[in-house]
Structure formats: C-alpha cells, structure tokens
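Residue-level listing of the chains:
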Amino acid sequence: MSLSFRLRLTLFFLLIVVVPMVTLAILVSQIASDSATGKADARLSTGLQTATNLYGEAQDDAQRAAAKLAQQAGADTSTVAALKSGDRDALAAAAADLAAAPGVASVELESAPGATVRAGGRGPVATASVDMADTEGSLGTLTAATTTARQFARQIEQITGEQAALVEHDGDVTGPADLVDADSLPAAGEGADIDGANGDRLRVAATAPLGGGGLRIALLAPTEAEGFFGSQPKVAVAVIAFFAIALLAVMLLLRSLQGYVAEMLAAARRIGGGDFSQKVPVTGNDEMAGLASEFNRMSDRLGEQMDQLRRQRIEIEKSVQRIGEAFASGLDRQALLTILVETAVGTCEADYGLVALSGQVGAEAEAGRRTEAMSDAALAAEERALREASAVEEERDGAFALSSALGALGASGEPVGAMTIARESGPFNATEREVFLYLLGQAAASVENVALHELVAEQAVTDELTGLPNKRAFQEAMRKESARAARFKHDLSLVILDIDNFKQVNDTHGHLQGDEVLRVIGKILAEESRGIDTPARYGGEEFVVALPETDREGALEVAERIRERIEAVVIPMVEGDGEMRITASIGSATMPAPPADVQDLVAAADGALYEAKRGGKNRVVVAETEERNGDGPAAESTNESAATPAAQGPVSTRRK
Ligand code: GH3
Ligand code: MG
Ligand code: MG
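Draft legend 1. Focus on the site of ligand 1. Around ligand 1, the structure places 16 residues, and the nearest of them are Asn501, Lys503, Asn506, Arg537 and Lys617. Measuring from an oxygen atom of ligand 1, one finds a backbone N or O atom of Asn501 at 2.6 Å. Interatomic distance of 3.2 Å between a backbone N/O atom of His511 and a nitrogen atom of ligand 1. Protein chains shield 67% of the accessible area of ligand 1, which is 650 Å² for the free molecule. Where the shell around ligand 1 is concerned, the elements lending two or more residues are β17 (492-499), α11 (502-509) and α12 (511-528). With four residues, the single largest contributor to the shell around ligand 1 is α12.

Draft legend 2. Representation of α12. If you check α12, its first and last C-alpha atoms are 26 Å apart, about what 18 residues at 1.5 Å a residue would give, namely 26 Å. Buried within α12 are the following residues: Gln513, Gly514, Val517, Leu518, Val520, Ile521, Gly522, Ile524, Leu525 and Glu528.

Draft legend 3. Quick look at the packing of α11 against α12. Relative to each other, α11 and α12 sit at 140 degrees, their axes nearing to 6 Å. Considering the angle they form, α11 stands oblique to α12. Between α11 and α12, the contacting residues are Phe502, Val505, Asn506 and His509 on the first element and His511, Gln513, Gly514, Val517 and Leu518 on the second. Of the residues contributing to the contact of α11 with α12, the split by class is four nonpolar, five polar and no charged.

Draft legend 4. Spotlight on the nonpolar core. Grouped together as the largest cluster of nonpolar side chains are 29 residues, with contacts concentrated most on Leu497, Ile499, Val517, Ile521 and Ile582. Elements that contribute at least two residues to this core include exactly β17, α11, α12, β19 (542-548), α13 (552-568), β22 (584-591) and β23 (619-622). Excluding residues within four positions of it along the chain, Leu497 makes contact with Ile521, Leu525, Glu541, Glu542, Phe543, Ile562, Ile566, Ala584, Ser585 and Ile586. The next biggest cluster of nonpolar side chains, apart from the first, holds 27 residues, and it includes Val107, Ala115, Ala119 and Leu139.

Draft legend 5. Broad picture of the packing of helix α1 (residues 5-75) against helix α4 (residues 149-160). The N-to-C vectors of α1 and α4 enclose an angle of 135 degrees; their axes lie 10 Å apart at closest approach. As judged from the angle between their axes, α1 and α4 are oblique. The crossing of α1 and α4 is right-handed. Taking contact as the criterion, the partners of Gly47, Thr50, Ala51, Leu54 and Tyr55 in α1 are, on α4, Phe152, Gln155, Ile156, Ile159 and Thr160. Within the contact of α1 with α4, the residues separate by chemical class into six nonpolar, four polar and no charged.

Draft legend 6. Expanded view of the coordination of the magnesium ion (ligand 3). Around the magnesium ion (ligand 3), the donor atoms from the protein are Asp498 (OD), Ile499 (O) and Glu541 (OE), and they sit 2.1 to 2.2 Å away. In this structure, the magnesium ion (ligand 3) lies 3.5 Å from the magnesium ion (ligand 2), and both are coordinated by Asp498. Note that Asp498 is positioned in strand β17 and Glu541 in the loop between β18 (534-539) and β19, a separation of 43 residues in sequence. Given the relative accessible area of 10%, Asp498 is considered buried. Its relative accessible area of 16% is what places Glu541 among the buried residues.

Draft legend 7. Fine view of a negative patch on the surface. On the surface, a cluster of negative charge is made up of Glu372, Asp376, Glu395 and Asp397. By relative accessible area, Glu372 is classed as exposed at 67%.

Draft legend 8. Structural detail: the confidence of the model for the protein. Residue-level pLDDT values for the protein average 83, and 89% of them are 70 or greater. Low pLDDT, under 50, characterises residues 627-656; the predicted model gives this stretch 47 contacts beyond four residues in sequence or across chains.

So, how was this worked out
Residues numbered from 1 in each chain as written. Chains lettered and ligands numbered in written order. Predicted model: local features only at pLDDT ≥ 70, side-chain atom pairs only at ≥ 80, totals over all residues. Heavy atoms only, no water. Near = heavy atom within 4 Å. Polar contact = N/O pair within 3.5 Å; in protein donor to acceptor, adjacent residues only side chain to side chain. Areas by Shrake-Rupley, 256 points an atom, 1.4 Å probe, with all protein chains shown as cover. Helix = DSSP H or I, 4+ residues; strand = E, 2+ residues; numbered from the N terminus. Expected span 1.5 Å × (residues − 1). Buried < 20%, exposed > 50% of the residue type's maximum accessible area, 1.4 Å probe, protein only. Axes fitted to C-alpha atoms, helices over the stretch in contact; angles between N-to-C directions. Parallel < 35°, antiparallel > 145°, perpendicular 65-115°, else oblique. Contact = heavy atoms within 4.5 Å. Nonpolar A, V, L, I, M, F, W, Y, C, P; charged D, E, K, R; others polar. Core = buried A, V, L, I, M, F, W, Y, C linked by side-chain atoms within 4.5 Å. Left-handed = near helix turned anticlockwise from the far one by under 90°. Donors = N, O, S within 2.8 Å, 3.2 Å for Na, K, Ca; no water. Patch = residues over 30% accessible without salt bridge, like charges linked within 9 Å, V, L, I, M, F, W, Y side chains within 5 Å. Salt bridge = Lys/Arg side-chain N within 4 Å of Asp/Glu carboxyl O. Lys, Arg positive; Asp, Glu negative; His and termini not counted. Charge placed at Lys NZ, Arg CZ, Asp CG, Glu CD. pLDDT = per-residue confidence, 0-100.

Dropping the structure here:
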C-alpha cells in the first residue's frame, strides 16, 4: 500500500507532535498532582503540629484546673465526706458542683472506696488527674478537662483551617466519622489519600497517640491543587489549543509544500511535453529554491540536448542525402571524395575539410570554409599524418586540425592520400575522432572499390594484349553506328583482317612472338583509324575496323593502306636477334543507306576475307553488297567481286 504525500505528512505530524504532546500533558498533570499532594501534606503536617500544641495547652489547662478543683474539693467537707463514704449521689452532686466552675468542661471523681462519677460535657479530652488526700490518708482522684472532643475538634479546625477528626483508641471518632476510622489512619508522619464525600480527593494525616488516652488527631485537606497546572480541564484546553495551532501550522506548511510540489509537477509535465521554455519560479534561497533552480538547470540542459539531437538529425538527413547522391553519382571517385569530406565535416562539426589522393588515382575534394589558421593547422597535420602514416592532431593559432593518412591502396603499403578536418571552436573529442577514422576506413575501402570497378569496366571492353576494344565493345559500337547510320542515312563500312599463316609464326617462333605480331598489328590498326572509326580485336588473329560514314571506296582505301603497312612492317624477334615480316588478308563490306542488319554486314566482310585467302592471301577483297535481292549480301556477289577483281577495281594483290 502506498500512502499519499499528504497522508504521510499527516502521519508524520501525529508522530512528532501529537504523541509527545499527549505524553507531556500526562506528565504535567502527574507533576501537578504530585505537587498538590505535597502541598496538602505540608499543610497537614503544620496543622498537626498546631493541633499537638493545642492538645498540650489543653492538658496544661486541665492540670491547673484539676489542681485548683482538688483544693476546692479538699476544703469542702461534704465533698470530702462523699469521697470517704463513696456515696454515689453525694459524689455526683459534688462533681456537678465542681464541673460548674468556669473554664471547666468535665470533672470526674473517683473515691477511694472505688466509686467513680463524672459531671460536665461529653467526651472530655486532654484530661488531667490529681490525687487527693487528707491527714487520714487518700481520698481519691480528681480528673478534670477544660475541653470536650467536640469543642477541641472545632478549635483545631478554627485554628488550622483544616477539617479535624479525633480518633479515640477505642475507635470513637469525633468529626467526619464517615471519612475517617481508626484502622485506615496512616502512621504518624505519613499521609494517605481518601475519597471525599462528593468524590473529590482528600489527603489525611494523623498524630501519634497523644496523652495517656491514646487519642489521635487526624486532619483532612483537599488535594485539589491550585494554580493553572492544578486544573486538569485547563491543561486539557491548553493542550487542545496547542494541537489546533500545530495542526494549523502543519496545514499551512502542507499547503505551501504541496504548492511547490504541484509547481514542480507542472514543470515536469511541460518538459515531458517537450516545452523547455518555461521555468519554475525560484523564491528565496532555501532547499526548495535550490530544488527549483536545479530543476530549471536540468530543463535547460535537456533543452540543449534536444537541440543537439535536432541538429544531429539534420546532419544525419544530410548524410543520407549525400549517400543517396553517392549512389546516384555511379561511384565516381571525385563524387565519392566530395561526399566523404562533406560527411566528415558535418558529423565531426568541423568548419573545413580536405581529402586528397596522390599518385595515379589523384583526386581532391574540399568542404566548408577555412581561415588562415585552419589552413596552417590542416597543412601541418596532413604532412605529419602522411609522414607517420597515422592519425594526428595539430593546433595553430587556436585552430585545431585532425588528419589521417588514407589506407594504402597500392601493394607498396604507402598511404595514397590523407583526409583532414579543421575548426576553431576547440579540439576534436574522442567520439569525433572515432567517427572520423571510421569514415576514413570506409573511404579507403570505397576508393579501392572504385578503382577496382573502373579497372573491371575497362577490362570488360578492352583486349588485354593489344589494348584495342574487344569483340564485345566492337559489337556495341556497331550497334550504335548502324542506328546512327540509319538515322542520318550514312554508309557504314567494315573491314575484317586475318593474319596470313599465323599458325606458322607460332609454330616456328613460339607464342610470345605470335603475341608480339598481334600487338604490332593492333598498333597499326589504331594508327590507321580516324577518331570515329572503331578498330577492334575480333578474336584470335582476326581484327576488324568499323568505319562509319565511309562508302565502299573509302573502305577499300583504308583496307589497302592497312594491308600495305602490315606488309611493310619489320617485326624484331622477341627472343634472340633477327626480325620477321608478315602479311594479312582483308575483306571489306559496305552497307549503303538504308542499312540492313549488322550481322549481314559482318557476314559479307567475312565472305570477302575468305575470298582474299582463297585468292592467294595478302590482298583486299571488297564484298559486293549493293545489288542484293532481298536476301542480303550474297556469297555469290562476294565471289563475283573476288572473281572479277579488275571489274570491281579495288582489289589489290601484292605478293613477294
Ligand atoms: P591462314 O593464312 O589461312 O590464316 O593460316 P593461319 O596459320 O593463320 O591459320 P589459322 O587462322 O587457322 O591459324 C590461327 C592461329 O592463330 C591458331 C592459333 O594458334 C593462333 N592464335 C590465335 N590467337 C592467338 C594469340 O592470341 N596468340 C598467338 N600467339 N597465337 C594465336
Ligand atoms: Mg584465322
Ligand atoms: Mg590466319
């Protein structure tokens, strides 16, 4: 179970305020009651002292009265006679006489023969006795008292102000007999609590037995204490008032606390909603104010981080765009380097960046703008990076540069370039360095990929041995050229060449020499071709030259020139001294506008070549393609042309 903030505070309040206060109230009333008891005991003690003194005085009075009365009785013959005779009536009359004296409360006469009579008030206390005698011997005893129990009790009450009770040793009680009895009296010097008539508490104390009669004087005092703490209801009211004030204070505290908490909560919700602009008001400089300002700082930091994230997202979007452009650029090295350096500058928050490749693949790309200090720092860093072949940092006039050599492309392991970024806002941190090196690693791979890609693309269309376009490239060129010829109504010619007795070259001088011959032929074809012509190695020792915008005579001219040059060329031996010569046979075909199929043109030229071989080699034969009858260039026409070279004109035969 989780308690609400308010409930917890309330419980806390109860714990720290109510419990101690109740304890305190109980203690205070306890102390008050103790002090009331103490006060009552003190009053009782004083009262008992007074009462004891009064008793002593009463006894003294009784002593004097007894002596005086005894004298008086001794002088009265009738009294003496009554004492001697023991006549009760006479004794009673004599005692009554004596008791009537002023200040005397009671007189008792005990005759020698044993008769005793008493006259006066009931319950005499503090009595005194005198023995009477005459010349003949003892007459008896006279006991007198100047006060009775009732009188004495009233006197004590008047003088001490306390309620008094006289307790005879036989249990008779004069005074509040309902409250006091002989058995429940405390020992002398001690006090005891008893219940009063109307339920109030009383304190009682008593003297030790006084005189010969064993009389005890008891005093009773209410323990109802005086003053503020003596009053239980007043204490209760004060405690309740205190609680009320404390409760009010706590409620106010709670409200202000809740106000603070509510403000924080509202601010936290605003931040949760993405609003970092509003602040929690900071008042005073207590912990709450500290909390508020800390909260504001946190909100500021969050806002900054959100801004940074936003900037980073924009940067990522830009990077994605650049990468997209990289794809679109078809992996062109220059475009790749530009994207690389722009990405490095963007992601590492640099102001300027430069990537440069050296050597064969040389290329360079820049991004951002630079100051002189940045240029200096960048140059220094780049130099060191290339020298040390690693990542380095340099600082010049408050500009910081980070540079690293670009991975080795060549087999030499030498760095092929370097990338450098620079800025003035501060040195690059670990994360930026990491990103930079990552990009650089990727770049190395990419540049390598591009180089490979370019190489493969070149290889795909180039014959390795002669450097001429290969058969595939030739076919592609022919496709384009035939389309162009159709569109612009141009003639399109083709010569096809086969080296004579080439097998012999291989057999006699070896394949290497054969290859050398092929290279020489390739070179001649390249040299003899115009810009728009496409010489190509068709396969083995066969070559072709596509001749756009060239008619039959033009093609023959080209073919004848090539044949003559081949015939004239002296080829040195690859191995050992000496040299050799070769010849070639050439077939030529022309496709007049509108052009027919490319395949037909090739077939016609091939046919003419066959005729040239059959005709004795080292010659040019032109295929007759002009007068075809629906079936395209016929072999017959080629044969015809070969058969009647003179009629066709351009047939050349040179043999040595
Ligand atoms: P012909 O005069 O009738 O053309 O006779 P030829 O010896 O040239 O006959 P053929 O066309 O049959 O021979 C072609 C030879 O060319 C066969 C092959 O060994 C050789 N050859 C083809 N390609 C190459 C190459 O790339 N290098 C070398 N050295 N020889 C090649
Ligand atoms: Mg051949
Ligand atoms: Mg041949």
